[in-house]
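The chain contents come next:
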Amino acid sequence: MLPLSAKDDEYKPAKLNLLAKTSGWFRAILSDQTSRNLFFFLLLNLSFAFVELSYGIWSNSLGLISDSFHMFFDCTALLAGLAASVISRWRCNDSFSYGYVRAEVLAGFVNGLFLIFTAFFIFSEGVERALEPPDVHHDRLLPVSVAGLLVNLVGIFVFQHGGHGHSHGDDDKFLPGKGSSKQILQGVFLHIVADTLGSVGVIISALLMQKYDLMIADPICSMLISLLIGVSVVPLLRESIGILMQRTPPTLDHALPECYQRVQQLQGVYNIQEPHFWTLCTDVYVGTLKLLVAPDADARWIQTQTHNIFTQVGVRQLYVQIDIAAM
Amino acid sequence: MACEPNRVRLLCMLSLTFGFFIVEVVVSRITSSLAMLSDSFHMLSDVIALLVALVAVRFAEKTQATNKNTFGWIRAEVMGALVNAVFLTALCFTIILEAIERFTEPNEIDSPYIVIGVGAAGLLVNLLGLCLFHGHAGGGHGHSHGGGGGGHGHSHGSGGHSHGKKKTGQICKSEKPNSSSSETNTLVVVDHNSPNGVNSENRGYDFSKDGTELQTNGSPLYDDVDHSSAAQLNMRGVFLHVLGDALGSVIVVVNALIFTFVWQPCLPDEACLNPCINSHSTDHQHVNQTLVGLTDPGAYRMAGPCWVLYMDPTLCIMMVLILLYTTYPLLKESALILLQTVPKQIDMHQLNEKLLCLEGVLAIHELHIWQLAGSRIIATAHIKCHDPTAYMDVAKRIKDFFHDEGIHATTIQPEFVTFSSDSRDSLCELSCRTQCAPKLCCGSADKAAEKKAASEADDGLREVSPATLEVISEDPEQAAALPLVVTPEPAAAPREAESFL
């Protein structure tokens, strides 16, 4: 229908779309436990950061302002995790034939990278402060660090199962969800731990400085913390890099040669060529295989047997190409 | 190999940058300037970026398939590009933080001449780097436009900075402001260059030596072309990083020059006050001018125009904006490849239709196409055909068809229609349209249910291809209704329902 006048309300789709979209996002976020947790923790962090920032500006303390910026930086990690957990549930379409499931692996990887960068940054700041100690007024920073520590402890408690997976009785029905957001949760968890370590470090160094007047404590704490953060991130990075590089799933490393043997023993199979197995996202394995078979072999039977063999080890998406040898 | 010059360039730039980093650290210790020390850390992050790119290039040269990495390491370059892009973004954040800090507490530059000197030296180094990488990474593939990128290396109060690069006119050859269209260009161009694509499957992992291959899996292995297009992404990351440095240096030098010529500082032995710096002494003097016992109130000189002190953070923020704008396409492109997206030049709908038109092809399901890296595209599909004898013809036709599209690594699983009884020929036609659907896949499924689903899906699939996709996407709901749900994941169904919000 053509608009009859400029004020025709039917012709204003744009605003409605935005509202519908955002409400759709909210529904998506609140529907899943993982993303719900992430969302509320993100709100908590953001509000704390804002409070810190305003307090720092009001009391004109540079230390507080920079600390609040660090918190904002962490919020971006949480945001990335949240975005990934929503995106990975979108339906697949023409451009993404596997859907968006890989988003969680990517989010875990990017979080790991940010963490490494943060560790590097803290280390460099520590070195700078060691060489030229500034006069930091830690008395203002101390109560704020304690508050930050509390916020982070809440986060650790909420996400503690995410890093290592699972197993509570009543949580079982969320297991599939948890399984697939394992990477995201691990990244977020490590981020929160890094934050907690930072707060703990500040508290310890403040105490040391007040009691023993050890100015060197601050930079040393920073450097130690950055090393700890760096070390803790390595497993997450290794796993996500493995997945992104299309590496054979580590859990299948031992099972696959056996499977190949069993397939080769099937009647009619000459050999196996070009096996490729890779992880799409957590616990979802995809495989492709080419079998060279005799001309008189029962291709269908071979296919179903092969599928069976591999399903037993957990590869559910398998593509078996049958090449019939010329006689 | 085509990648050799890349490696050489990277090593060259790496050693230069590292050397400069050492120089900066030494100078900072001599002049005991904290700002130069922090700048040297920016330099260090640059070194790290170059290292990442170098590692990626080294890894990607091993295109040979290994036990663990059956596709070879060719994806390393895409990863390298992503890592660099992410680092650049993180760096931009820190620069914004520092700039905001500087807005609240402006600092004078203590020794502007040293800053200018070191800045100019850095500019030279970065210029060299730009020349090194521009030829390779540039070449009109939509990346940064000249005149500005961000970079890290803005001057902190006193201290030089070292990376500078002037990249103003030269790189701006990429006239395409729309990054996505130029990305398409990249992929398409490379594709035309390598008609035989790259298929290193032939030197893949063979169990026995006498594999007689019927499929003509695209013949010679044009790894070089593949490499160069994947390497493009990596080199672009490095280029952007170096570009950021260049801009940083430019800003440093410009700032120091303005400072030298415009600012009138307070000399130490002169009575003057600095209104721009918010310190206690000036506060007191400012507020209680007569109280502090100043002999001659009129003879107070005011330190130079305040806006000069705010130039630095302003320029930095501009720089950051430009850098972010130029980094975003790189970030997006590498992230999309890693997300297993269908390459831009391939239209799934059309492909489906054309495949259905081939003789002997009854239906297609589970068609997945994704890009490994560069121009190496991999496709997998289930093709339904009449019987095994017809299959071999169809297989050849299908392979040729994919070759024409530029996809050279395909795995086609045949599904035979003719019988019902025991053949579990297909994986579920109803499977795998959502991420947890694999858990529903036919491992131990009910034959009857499967057949029923198969025939349902079949009827749907015989129509026009858009229906193909539609039937498949509806299927998981059918699947939830069917007793096809496999035992281990009873919760999969409710989760699926969730995803269709």
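The model shown is predicted, which means the values in this text are computed figures rather than measured ones.

## Observations concerning the confidence of the model for chain A
Caution is warranted with low-pLDDT regions, since their predicted coordinates should not be read in detail. Summarising the model, chain A shows a mean pLDDT of 80, and 85% of its residues fall at 70 or more. The model gives residues 163-178 of chain A a pLDDT under 50, and that stretch makes 13 contacts with residues more than four places away or in other chains.

## Description of the sheet that holds strand β1 (residues 269-281) of chain A
All names here are of chain A. Spatially, β1-β2-β3 is the arrangement adopted by the three strands of the open sheet, whose pairing is mixed. The two strands at the open ends of the sheet, each matched to only one other strand, are β1 and β3 (317-324). Across the sheet, the mean angle separating the axes of adjacent strands is 10° when strand polarity is ignored.

## Notes on the UniProt feature "transmembrane region" (unreviewed entry) in chain A
All names here are of chain A. Taking the numbering used here, the UniProt-annotated feature "transmembrane region" (unreviewed entry) corresponds to residues 37-57, 69-87, 99-121, 141-159, 188-208 and 214-237. Across residues 69-87, the secondary structure splits into 100% helix and 0% strand, with the terminal C-alpha atoms separated by 27 Å. Secondary structure over residues 99-121 splits into 83% helix and 0% strand, and the C-alpha atoms at its two ends are 36 Å apart.

## Description of the packing of helix α9 (residues 348-357) of chain B against helix α10 (residues 388-405) of chain B
Residues and elements named next belong to chain B. Two elements in contact, α9 and α10, have axes whose closest approach is 11 Å; the angle formed by their N-to-C orientations is 150°. Put simply, α9 runs roughly antiparallel to α10. When the axes of α9 and α10 are compared, the crossing they make is right-handed. Together, Leu-351, Lys-354 and Leu-355 of α9 and Ile-398, Phe-401, Phe-402 and Glu-405 of α10 make up the contact between the two elements. A per-class count over the contact of α9 with α10 returns five nonpolar, no polar and two charged.

## Examining the environment of Ala80(A)
Residue and element names in this part refer to chain A. Mapped onto the elements of the fold, Ala-80 is located in helix α3 (residues 62-87). Each C-alpha atom of the pair Ala-80 and Val-313 lies 33 Å from the other, and the pair is 233 residues apart in sequence. Residue contacts for Ala-80: discarding those within four places in its chain leaves Ala-107 and Asn-111.

## Some words on the sheet that holds strand β5 (residues 409-416) of chain B
All names here are of chain B. The sheet built from three strands is open, its strands ordered β3-β4-β5 with mixed pairing. Each edge of the sheet is formed by a strand with only one pairing partner; in this case those strands are β3 (363-373) and β5. Between one strand and the next, the sheet's axes are offset by a mean angle of 10°, whatever the strand orientation. Both β3 and strand β4 (residues 376-385) contribute to a ladder of eight bridges, which runs antiparallel. Along β4, the bridge assignment pairs His-365 with His-382.

## As for α9(B)
Where α9(B) is concerned, the buried positions are Met348(B), Leu351(B), Asn352(B), Leu355(B) and Leu356(B). One side of α9(B) carries all its buried residues, which in axial view fall inside an arc of 130°.

## Considering the UniProt feature "domain: Cation efflux protein cytoplasmic" (unreviewed entry) in chain B
Under the local residue numbering, the UniProt record ascribes the feature "domain: Cation efflux protein cytoplasmic" (unreviewed entry) to residues 343-413 of chain B. With 39% helix and 37% strand, residues 343-413 of chain B has its two end C-alpha atoms placed 22 Å apart.

## Let's talk about the UniProt feature "transmembrane region" (unreviewed entry) in chain B
Residue and element names in this part refer to chain B. Feature annotation in UniProt assigns "transmembrane region" (unreviewed entry) to the following positions: residues 12-35, 41-60, 81-100, 112-133, 238-263 and 307-328. Across residues 41-60 one finds 100% helix and 0% strand; the C-alpha atoms that close the span lie 28 Å apart. Each end of residues 112-133 is marked by a C-alpha atom, and these two atoms are 31 Å apart; helix forms 100% of the span and strand 0%.

## Considerations on the side chain of Thr341(B)
Its location among the elements puts Thr341(B) in the loop between α8 (307-338) and α9. For Thr341(B), a relative accessible area of 9% translates into the label buried. A distance of 2.9 Å separates a polar side-chain atom of Thr341(B) from the backbone oxygen of Ser95(A).

Reading the values: the criteria
- Residues numbered from 1 in each chain as written.
- Chains lettered and ligands numbered in written order.
- Predicted model: local features only at pLDDT ≥ 70, side-chain atom pairs only at ≥ 80, totals over all residues.
- Heavy atoms only, no water.
- pLDDT = per-residue confidence, 0-100.
- Contact = heavy atoms within 4.5 Å.
- Pairing = 2+ DSSP bridges.
- Helix = DSSP H or I, 4+ residues; strand = E, 2+ residues; numbered from the N terminus.
- Axes fitted to C-alpha atoms, helices over the stretch in contact; angles between N-to-C directions.
- UniProt positions renumbered as here; feature names shortened; annotations may be inferred.
- Parallel < 35°, antiparallel > 145°, perpendicular 65-115°, else oblique.
- Left-handed = near helix turned anticlockwise from the far one by under 90°.
- Nonpolar A, V, L, I, M, F, W, Y, C, P; charged D, E, K, R; others polar.
- Buried < 20%, exposed > 50% of the residue type's maximum accessible area, 1.4 Å probe, protein only.
- Arc of directions from axis to C-beta.
- Polar contact = N/O pair within 3.5 Å; in protein donor to acceptor, adjacent residues only side chain to side chain.

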